[in-house]
Amino acid sequence: MRIFEHQKLEFMIAMNAYLIEKLSGLYCITHRLNANVFINDEGFITVASCCDEFHETLYHAQEAFRSQYQAAQQSGNPDDLA
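What counts and what doesn't
- Residues numbered from 1 in each chain as written.
- Predicted model: local features only at pLDDT ≥ 70, side-chain atom pairs only at ≥ 80, totals over all residues.
- Heavy atoms only, no water.
- Helix = DSSP H or I, 4+ residues; strand = E, 2+ residues; numbered from the N terminus.
- Buried < 20%, exposed > 50% of the residue type's maximum accessible area, 1.4 Å probe, protein only.
- Contact = heavy atoms within 4.5 Å.
- Lys, Arg positive; Asp, Glu negative; His and termini not counted.
- Charge placed at Lys NZ, Arg CZ, Asp CG, Glu CD.
- Phe/Tyr/Trp six-rings, centres within 6.5 Å; stacked < 30°, edge-to-face > 60°.

**So, the overall build of the protein**
Helix and strand counts for the protein stand at two helices and two strands. N-terminal to C-terminal, the α/β element order of the protein is α-β-β-α. Once the C-alpha set of the protein is aligned to its principal axes, its extents read approximately 45 × 30 × 15 Å. The proportion of buried residues among the 82 residues of the protein is 23%. When contacts within the protein are restricted to residue pairs at least 6 apart in sequence, long-range pairs at least 24 apart make up 39% of them. One finds the centroid of the 5 positive side-chain charges in the protein at a distance of 4 Å from the centroid of its 11 negative side-chain charges.

**Describing unusual backbone geometry**
Positive phi, normally seen in glycine, also occurs at Arg 32, with a value near 55°. Inspection of the secondary structure puts Arg 32 in the loop between helix 1 (3-24) and strand 1 (36-39). Overall, the relative accessible area of 56% leaves Arg 32 in the exposed class.

**Some thoughts on the side chain of Gln 62**
Along the chain, the position of Gln 62 falls in helix 2 (residues 52-75). For Gln 62, a relative accessible area of 12% corresponds to the buried category. In this view, Gln 62 contacts Leu 19, Leu 23 and Ile 45; residues no more than four positions away in its chain are not counted.

**With respect to the packing of aromatic side chains**
In total, this model carries three aromatic pairs according to the counting rule given. With a centroid separation of 5.6 Å and an interplanar angle of 50°, the aromatic rings of Phe 11 and Tyr 69 are classed as tilted. Note that Phe 11 is positioned in helix 1 and Tyr 69 in helix 2, a separation of 58 residues in sequence. Residue class for Phe 11 comes out partly exposed when judged on its relative accessible area of 26%. Between Tyr 18 and Tyr 69, the aromatic rings sit 5.2 Å apart at their centres with planes inclined by 40°, giving tilted as the arrangement. Here Tyr 18, found in helix 1, pairs with Tyr 69, found in helix 2; they are 51 residues apart in sequence, far enough to count as distant.

Now the structure itself:
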């Protein structure tokens with residue numbers, strides 16, 4: 001495996017761990033239930049929720065957290081994730 005591919009794989013693993021941690025901490029304000037966040041058989045982050053409204057919110061949150069993680073990595077300042 002080339003060094004670049006190895007670094008990209010490490011980046012994806014770290015980002016997925018960050019996304020799972022952040023998404024798992026969210027809960028539906030209507031039903032007071034947390035999301036079920038996991039990696040499916042194909043390696044994709046999957047969320048299961050109690051209602052469609054919360055599921056849509058989780059989708060948008062995942063995109064926001066992903067952008068936040070990528071920006072912090074590009075800036076070289078991991079404190080941006082705090």
